[in-house]
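# Fold and geometry: a report
Each chain, letter by letter, is given below.
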Amino acid sequence: MMKNNAYILLLILACGTGAQAQQRWTLRQCIDYAIEHNITVRQADNAARQSAIEVNTAKWARLPSLNGSAGQSWNWGRTQTAVPDEATGDYSTVYVNTSSNGSNMSLSTSVPIFTGLQLPNEYSLAKLNLKAAVADLEKAKEDLSINIASAYLQVLFNRELHQVAVGQAEVSKQQLERLERRHELGLASVSEVAEARSTAAQDDLNVVQTENDYRLSLLDLSQLIELDSPEGFELAEPADSVSSETLTPPDDIFQNALLNKPSIQAARYRLEGSRHSIRIAQSAYYPQISLNASLGTSYYSTINRTFRQQMGDNFSKYLGLSLSVPLFNRLSTRNRVRSARLQRDNYALQLDEAKKTLYKEIQQAWYNAVASETKYRSSRVATQASEASFALTTKNYEENKATAVEFNEAKQNLMRAKSDELQAKYEYLFRTKILDFYEGVPIE
């Protein structure tokens, strides 16, 4: 009975392992997995988390500070001490050579009243830096998504190209078998059979080569998404082929991209934050006002009073306002303000450069998409013509109206046409996904 249970358990585990190995990954799954495991994305995420901590620090900078302190000291040699007068009972201070010790404790607080608007500007700057860090994180995710989409489509292209090669090899195999039968009947020469055998061998080699290309591209994709092992890694069948929708004009895509692309948003946040940096530097021109308070007490062993009595007798309270007026700081404040303004100008230039770069990228992507669409339509027509030519040549060859050279040439032309069509199709799919990316459509 136990052996049967063990056998059933092993069978269940084997089925579960097989099911896992047969999982086929969609493009969305590849992107999500890569975003979760990619080191660059995780570093950008840590940077955003660090910015969030800095926002929290700046938010609570207005709260009072509270500090406690305690001290203990030991002294040897000449020191002051209190000696009671036997007649009056009063204490007088005299110097004697003795050892002594003392204790003190205090509790202090400080509240910023006016800091030249430094604190609110630091809080605003921290929030903008957080938004910029989040935009940087989104840009890292988008860049990774584009790379994965390119690698994913390359795998699909190589897979379909391999299937075409397999089909061509099967045609060559059938043709070889046909010629061998004709040779047995004395209807085909030895040279024709040898040429057909050479063609079949070459097509088999092409099958091996295209399969290797497919496996290598699959390995590249698995490494790009940070997969632990490429074992059992397979892609799902694409849901649809090529859409016939009209491409959005590049100027419309650019206007939309200005509103949602993380690279533009991050540059805008940093430019806005640089204005707060200027105000932070200018705050050093203004006086600083703070409220201070403290509580304290002490004990001295040379005084003829108990510890408890001295804690009460020596208890002190303090409350005060402090004013710091900057008069001359060797022009450091002026230079910090100048540096902040230069940084603002640099961020403005970076924003302009980001906009120009984005517009150039969109223009290039749009014209590449238009060209790839034209190429794909033309390649489809070429494939259809090659299929018709190959069908006609095959019929003529079977009726001895065409030579083996003409048959092989028609077959090679069909293979080349199908390869060109596949390449054009996946190039067009990739180019349209790039345009979708600039329009803010998630890559699926």
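Residues numbered from 1 in each chain as written. Predicted model: local features only at pLDDT ≥ 70, side-chain atom pairs only at ≥ 80, totals over all residues. Heavy atoms only, no water.

## Concerning the overall build of the protein chain
What the protein chain contains, in helices and strands, is 10 helices and 6 strands. On the principal axes, the C-alpha backbone points of the protein chain span a range of 150 × 75 × 35 Å. Carbon and sulfur atoms form 54% of the exposed surface of the protein chain, whose accessible area is close to 27,200 Å². (Helix = DSSP H or I, 4+ residues; strand = E, 2+ residues; numbered from the N terminus. Areas by Shrake-Rupley, 256 points an atom, 1.4 Å probe, with all protein chains shown as cover.)

## With respect to the side chain of threonine 394
You can see threonine 394 is positioned in helix α9 (residues 332-398). Separated by 2.7 Å, the side chain of threonine 394 and the backbone oxygen of phenylalanine 390 make a polar contact. (Polar contact = N/O pair within 3.5 Å; in protein donor to acceptor, adjacent residues only side chain to side chain.)

## Digging into empty space enclosed by the protein
Going through the model one piece at a time under the given rule, you end up with 1 cavity of 30 Å³ or more. Reported here for the largest cavity is a volume of approximately 70 Å³. Looking at the largest cavity, the residues that line it are Ser172, Gln175, Leu176, Leu179, Glu192, Glu195, Ala196, Thr199, Tyr397, Ala404, Phe407 and Asn408. Secondary structure elements with two or more residues in the lining of the largest cavity: α4 (118-184), α5 (190-224) and α10 (404-438). In terms of residue class, the lining of the largest cavity is made up of 6 nonpolar, 4 polar and 2 charged. (1 Å grid on protein atoms, 1.4 Å probe; cavity = no way out; pocket = protein on both sides within 12 Å on 5 of 7 lines; lining within 4 Å. Points joined across faces, edges and corners; volume = space filled by probe spheres on them. Nonpolar A, V, L, I, M, F, W, Y, C, P; charged D, E, K, R; others polar.)

## Let's talk about the nonpolar core
Buried together is how nonpolar side chains tend to be arranged in soluble globular proteins. Membership of the largest hydrophobic core comes to 59 residues, with the highest contact counts inside it found for Cys30, Ile148, Leu221, Ile225, Phe233 and Leu235. When contributions to this core are tallied by element, the ones reaching two or more residues are α2 (27-37), α3 (39-59), α4, α5, α6 (250-260), α7 (262-282), α9 and α10. Examining the composition of this core, we find that 16 residues originate from one element, α4, more than from any other. When near neighbours in sequence (up to four residues on either side) are disregarded, isoleucine 225 contacts Trp25, Cys30, Tyr33, Ala34, His37, Ile148 and Phe233. Judged by nonpolar contacts, the second largest core, of 13 residues, contains Leu179, Ala196, Ala200 and Ala402. (Core = buried A, V, L, I, M, F, W, Y, C linked by side-chain atoms within 4.5 Å. Buried < 20%, exposed > 50% of the residue type's maximum accessible area, 1.4 Å probe, protein only. Contact = heavy atoms within 4.5 Å.)

## Here's the deal with the layout of surface pockets
The computed volume of the second largest pocket comes to approximately 390 Å³. Around the second largest pocket sit 19 residues that line it, and Lys139, Asp143, Glu361, Phe437 and Tyr438 are the ones nearest its centre. Sorting the residues of the lining of the second largest pocket by element identifies α4, α7, α9 and α10 as the ones contributing at least two each. Broken down by element, the residue count for the lining of the second largest pocket peaks at 7 residues, all from α9. Per-class residue counts for the lining of the second largest pocket are 8 nonpolar, 5 polar and 6 charged.

## What to know about α6
The set of residues buried in α6 consists of Pro250, Ile253, Phe254, Ala257 and Leu258. Down the axis of α6, the buried side of the element spans an arc of 140°, and every buried residue falls inside it. Close packing links the buried residues of α6 with α7, α9 and α10. (Arc of directions from axis to C-beta.)

## Here we look at unusual backbone geometry
You will see that leucine 117, though not glycine, has its phi angle at about 65°, which is positive. Judged by relative accessible area, leucine 117 falls into the exposed class, the value being 53%.

## A closer look at the packing of aromatic side chains
Under the counting rule described, the total for this entry stands at 9 aromatic pairs. When the ring of tryptophan 25 is compared with that of tyrosine 33, the centres are 5.3 Å apart and the planes differ by 85°; the resulting orientation is edge-to-face. The pair formed by tryptophan 25 and tyrosine 33 is uniform in burial state, with each residue classed as buried. Aromatic ring contacts, followed pair by pair, group Trp25, Tyr33 and Phe233 into a single cluster. Positioned over the ring face of phenylalanine 437 is lysine 261, at 3.5 Å from the centre of the ring. (Phe/Tyr/Trp six-rings, centres within 6.5 Å; stacked < 30°, edge-to-face > 60°. Lys NZ or Arg CZ within 6 Å of the ring centre and 35° of its normal.)

## Digging into the environment of glutamate 192
Mapping glutamate 192 onto the fold places it in helix α5. Residues glutamate 192 and leucine 179, 13 residues apart in the sequence, show an inter-C-alpha distance of 7.4 Å.

## Details of the confidence of the model for the protein chain
Reading predicted coordinates in detail is not appropriate for stretches of low pLDDT. Model confidence for the protein chain is summarised by a mean pLDDT of 86, while 91% of its residues fall at 70 or above. Long-range and interchain partners of residues 1-21, a stretch whose pLDDT sits below 50, account for 1 contact in this model, where long-range means more than four residues apart. (pLDDT = per-residue confidence, 0-100.)

## Topic: the packing of α4 against α5
The N-to-C vectors of α4 and α5 enclose an angle of 165°; their axes lie 8 Å apart at closest approach. Between α4 and α5, the crossing angle belongs to the class labelled roughly antiparallel. Judged by the twist between their axes, the crossing of α4 over α5 is left-handed. Considering only residue class, the contact of α4 with α5 consists of 19 nonpolar, 11 polar and 8 charged. (Axes fitted to C-alpha atoms, helices over the stretch in contact; angles between N-to-C directions. Parallel < 35°, antiparallel > 145°, perpendicular 65-115°, else oblique. Left-handed = near helix turned anticlockwise from the far one by under 90°.)

## Describing the environment of threonine 248
Position of threonine 248 among the secondary structure elements: in the loop between β4 (234-235) and α6. Threonine 248 sits in the partly exposed class, given a relative accessible area of 26%. Along the backbone, threonine 248 and tryptophan 366 are 118 residues apart, and their C-alpha atoms lie at a distance of 8.4 Å. In contact with threonine 248, not counting residues within four places along its chain, are Ile253, Trp366 and Glu439. There is a polar contact of 3.4 Å between the side chain of threonine 248 and the side chain of glutamate 439.

## With respect to the pattern of salt bridges
Side chains that carry opposite charge are capable of pairing whenever their charged atoms lie near each other. Going through the model one piece at a time under the given rule, you end up with 13 salt bridges. Aspartate 143 is paired through a salt bridge with lysine 139; the nearest N and O atoms lie 2.9 Å apart. Pair noted here: aspartate 143 and lysine 139 are both in helix α4, with a separation of 4 residues, about one helical turn. We classify lysine 139 as partly exposed; its relative accessible area is 33%. With a shortest N-O distance of 3.1 Å, glutamate 180 and arginine 197 are connected by a salt bridge. Here glutamate 180, found in helix α4, pairs with arginine 197, found in helix α5; they are 17 residues apart in sequence, far enough to count as distant. Among the residues examined, arginine 197 registers a relative accessible area of 44% and is labelled partly exposed. (Salt bridge = Lys/Arg side-chain N within 4 Å of Asp/Glu carboxyl O.)

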